[in-house]
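Each chain, letter by letter, is given below.
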Amino acid sequence: MKNKTEVIVVGGGPAGIAAAVTVARAGRKVVLIERGSFSGSKNVFGGAIYVQPTKEIFPNFEQTAPLERKIVTHKYVMGTETKSIAASYIAREEKGANAYSVTRSKFDRWMAQEAQKEGVVLVTETLVKEIIIKENKVVGVKTELEEYFADVVILADGVNSMLAKQIGLRKEIKPKDVALSVKEVIKLDKETIEERFNLREGEGAVYEIFGGPMLGMLGVGYVYTNKDTVSVGLGIGLDEIAKRKLKPYELLEGIKGHSVFQPFIKGGELVEYSAHLIPEGGYKKLPKLYSHGVLVAGDSAMFVNNLHWEGTNLAMVSGKFAGETAVDALNKNDFSANTLALYQKKLEKSFVLKDLKTYQNVMDIVHSRAESFLNYYPNKIADFFNMFTAVDSIPKRDKYHAFIKSIFTDRSISELFKDAFAFIKLILGVLK
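Residues numbered from 1 in each chain as written. Predicted model: local features only at pLDDT ≥ 70, side-chain atom pairs only at ≥ 80, totals over all residues. Heavy atoms only, no water.

Novice: Tell me about the overall build of the chain, residues and numbers included.
Specialist: In terms of helices and strands, the chain carries 17 helices and 18 strands. Taking 2.2 N^0.38 as the reference for a compact globule, 432 residues should give roughly 22 Å; the C-alpha atoms of the chain span a radius of gyration of 24 Å, in line with that estimate. Judged by the C-alpha coordinates and their principal axes, the chain covers about 85 × 50 × 40 Å. When the 432 residues of the chain are sorted by exposure, 53% land in the buried category. At a minimum sequence separation of 6, the contacts of the chain that also span at least 24 residues come to 71%. When the accessible surface of the chain is totalled, it reaches about 20400 Å², and 53% of it is carbon and sulfur. Charged side chains of the chain number 59 positive and 52 negative; the gap between the two group centres comes to 4 Å. (Helix = DSSP H or I, 4+ residues; strand = E, 2+ residues; numbered from the N terminus. Rg over C-alpha atoms; globule rule 2.2 N^0.38 Å. Buried < 20%, exposed > 50% of the residue type's maximum accessible area, 1.4 Å probe, protein only. Contact = heavy atoms within 4.5 Å. Areas by Shrake-Rupley, 256 points an atom, 1.4 Å probe, with all protein chains shown as cover. Lys, Arg positive; Asp, Glu negative; His and termini not counted. Charge placed at Lys NZ, Arg CZ, Asp CG, Glu CD.)

Novice: Lay out the layout of surface pockets with the relevant residues and their values.
Specialist: Space inside the largest pocket adds up to approximately 1400 Å³. Mapped onto the lining of the largest pocket, the elements with two or more residues apiece are β3 (48–50), β4 (67–79), β13 (203–211), β14 (219–225), β15 (229–237), α14 (362–368), α15 (370–389) and α17 (413–431). Broken down by element, the residue count for the lining of the largest pocket peaks at six residues, all from β4. Looking at the lining of the largest pocket residue by residue, the class counts come to 31 nonpolar, nine polar and six charged. In this structure, the second largest pocket occupies an estimated 1200 Å³ of space. Forming the walls of the second largest pocket are 50 residues, and the residues nearest its centre are N43, D157, G158, V159 and D299. At the level of secondary structure, the elements contributing two or more residues to the lining of the second largest pocket comprise α1 (14–25), β3, β8 (128–134), α5 (162–166), β14, β16 (269–279) and α10 (312–332). For the lining of the second largest pocket, a count of residues per class yields 23 nonpolar, 18 polar and nine charged. (1 Å grid on protein atoms, 1.4 Å probe; cavity = no way out; pocket = protein on both sides within 12 Å on 5 of 7 lines; lining within 4 Å. Points joined across faces, edges and corners; volume = space filled by probe spheres on them. Nonpolar A, V, L, I, M, F, W, Y, C, P; charged D, E, K, R; others polar.)

Novice: Could you give an account of the pattern of salt bridges, with specific residues and numbers?
Specialist: If charged atoms from side chains of opposite charge come close, those side chains can pair. For the coordinates displayed, the defined rule picks out 31 salt bridges. Linking E201 and K190 is a salt bridge whose minimum nitrogen-to-oxygen distance equals 3.7 Å. One end of the pair, E201, is in the loop between α6 (190–196) and β13; the other, K190, is in helix α6, with 11 residues separating them in the sequence. Close ionic contact of K346 with E324 constitutes a salt bridge, the shortest N to O distance being 3.0 Å. (Salt bridge = Lys/Arg side-chain N within 4 Å of Asp/Glu carboxyl O.)

Novice: I'd like to hear about the pairing of β15, residue by residue, with values.
Specialist: Burial analysis of β15 places nine of its nine residues in the buried class, the great majority of the element. Bridge count for strand β12 (residues 178–187) against β15 is nine bridges, and the pairing is antiparallel. Bridge pairing in β15 places V182 opposite L234. Bridge count between β14 and β15: seven bridges; the pairing is antiparallel. By the bridge assignment for β15, Y222 is matched with G233. (Pairing = 2+ DSSP bridges.)

Novice: Requested: an account of the sheet that holds strand β18 (residues 294–296), with residues and values cited.
Specialist: Remark on secondary structure: sheet strands pair via backbone hydrogen bonds, oriented parallel or antiparallel. What the six strands build is an open sheet, ordered β7-β2-β1-β11-β18-β17; its pairing is mixed. In this open sheet, the two edge strands, each paired with only one partner strand, are β7 (121–123) and β17 (290–291). One ladder, built from four bridges, connects strand β1 (residues 7–10) with strand β11 (residues 152–155); its direction is parallel. Paired with V7 across the bridge in β11 is V152. In the packing of α10 onto the sheet, contacts are made with β1, β11 and β18, and the angle to β11 comes to roughly 170°. (Axes fitted to C-alpha atoms, helices over the stretch in contact; angles between N-to-C directions.)

Novice: Before we move on, can you summarise the pairing of strand β9 (residues 137–143) with the specific residues and values?
Specialist: Consecutive side chains along a regular strand alternate between the two faces of the sheet. Most of β9 sits inside the fold, with five of its seven residues counted as buried. One ladder, built from six bridges, connects β8 with β9; its direction is antiparallel. Pairing of I133 across the sheet is with V138, part of β9. Hairpin connection from β8 to β9: two residues lie between these consecutive antiparallel strands, with E135 at a positive phi of about 50°. Of the strand pairs in this sheet, β9 and strand β10 (residues 147–149) are connected by three bridges, and their pairing is antiparallel. Bridge pairing in β10 places K142 opposite E147.

Novice: Report on the sheet that holds β8, specifying residues and quantitative values.
Specialist: Strand order in this open sheet of three strands is β8-β9-β10, and the pairing throughout is antiparallel. The sheet is open, and its two edges are formed by β8 and β10, each paired on a single side. The mean inter-strand angle of the sheet, taken between neighbouring strand axes irrespective of direction, is 30°.

Novice: I'd love a proper account of unusual backbone geometry, names of residues and values included.
Specialist: Located in the positive-phi region is S161, a residue other than glycine, with phi close to 20°. The class of S161 is buried, set by a relative accessible area of 1%. The residue N333 is not glycine, and still its phi comes out positive at about 55°. Mapped onto the elements, N333 comes out in the loop between α10 and α11 (337–340). Overall, the relative accessible area of 59% leaves N333 in the exposed class.

Novice: Give a detailed account of the packing of α15 against α17, specifying residues and quantitative values.
Specialist: The geometry of α15 relative to α17 is characterised by a closest axis approach of 11 Å and an angle of 115° between their N-to-C directions. For the pair α15 and α17, the sense of crossing is left-handed. Contact residues: α15 offers S372, F373 and Y377, while α17 offers L416, D419, A422 and F423. Of the residues assigned to the contact of α15 with α17, the class counts are five nonpolar, one polar and one charged. (Left-handed = near helix turned anticlockwise from the far one by under 90°.)

Novice: Could you give an account of the nonpolar core, with specific residues and numbers?
Specialist: The biggest cluster of nonpolar side chains holds 76 residues, and the ones touching the most others in it are F61, F107, L155 and F303. Among the elements that make up this core, the one with the highest residue count is α10 (10 residues). By size, the runner-up hydrophobic cluster in this structure holds 27 residues, among which are V182, I186, L252 and V260. (Core = buried A, V, L, I, M, F, W, Y, C linked by side-chain atoms within 4.5 Å.)

See the structure below:
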């Protein structure tokens, strides 16, 4: 049969590359189809990849990959429009790195090149328009120019995954199940970045801000440091954007102008603007992950842990599992759903589905009490620290009494009980 191979992978991001290289290393034929001019040309994310899952795919990546900075500082900021409270975690003296900041256009391209060295056939600038089905089994894909056939097709074509929708593995995405991330890359010289973020040479920092211009909304702002650029962005639910008639770029300007971030990027030059969707549906919105002759991995499978902002690690590990499952099916010469169900079993035993299941109710609970958790209490905590640090000759005991009293006068008892119940439900849901 013309254009016949053993495995086709659609999508040249972390999930697709991990799947393809896993198949190639097993001595099997695999074609990786990427719609961009190169892997990473159309991929966008905040800025970090994690060492342990990346080593599962490329054990020596720290020596050869185009890494930006070793992440040593994590800072979490809860902000109002004018005030903020921050908690920092600094792991400067830890042996080895947990994460590195990277640029996807460089890092994904490097991964694809490494995969080619392992025997993966990379086809770029090719858009897969349709899945080919024969006798109720996926047998290939149709591009703009021709058809490709395979025993197993792995879909890693991103959050919108029209192909997974075409064959009924997933439903239409609702606005509350995705977030829009917008990001700017600001150029600064290396020494300025290290001075402003209190970093040594080669060290990097990640900042996340809750509130600020998104006070009361389910969203987060972020900053990642690269060698000579700083990535500044935010992620916010599409439902929030629609409901409040927001303009994402105006929210981004609010993040850039916030008292926490503005000093970091002052005088920098804008070199890139990008936007992309992030799956946020979590465990309850997972699609069907396999069928006859087909598997779904990465963002296409909604594999994002939105509480921890983890995506690339879930993408890589799910891609690896998809590749292993495809190899197992090839060894058995059985490409039925019954055989490909091994993929689901691998995911269930791993952190991927375990973590998503742990947090399956978090977003619903936070959504239900968004005004409380993302507006009232951040403001109240800021008021507390303002009171605690102020020196104004008022007795401290009087201040404490007034603050505690304000909690019950500013908010009804019934609302406080609802908040407490939601918080307990949140904790118990995570711990069970």
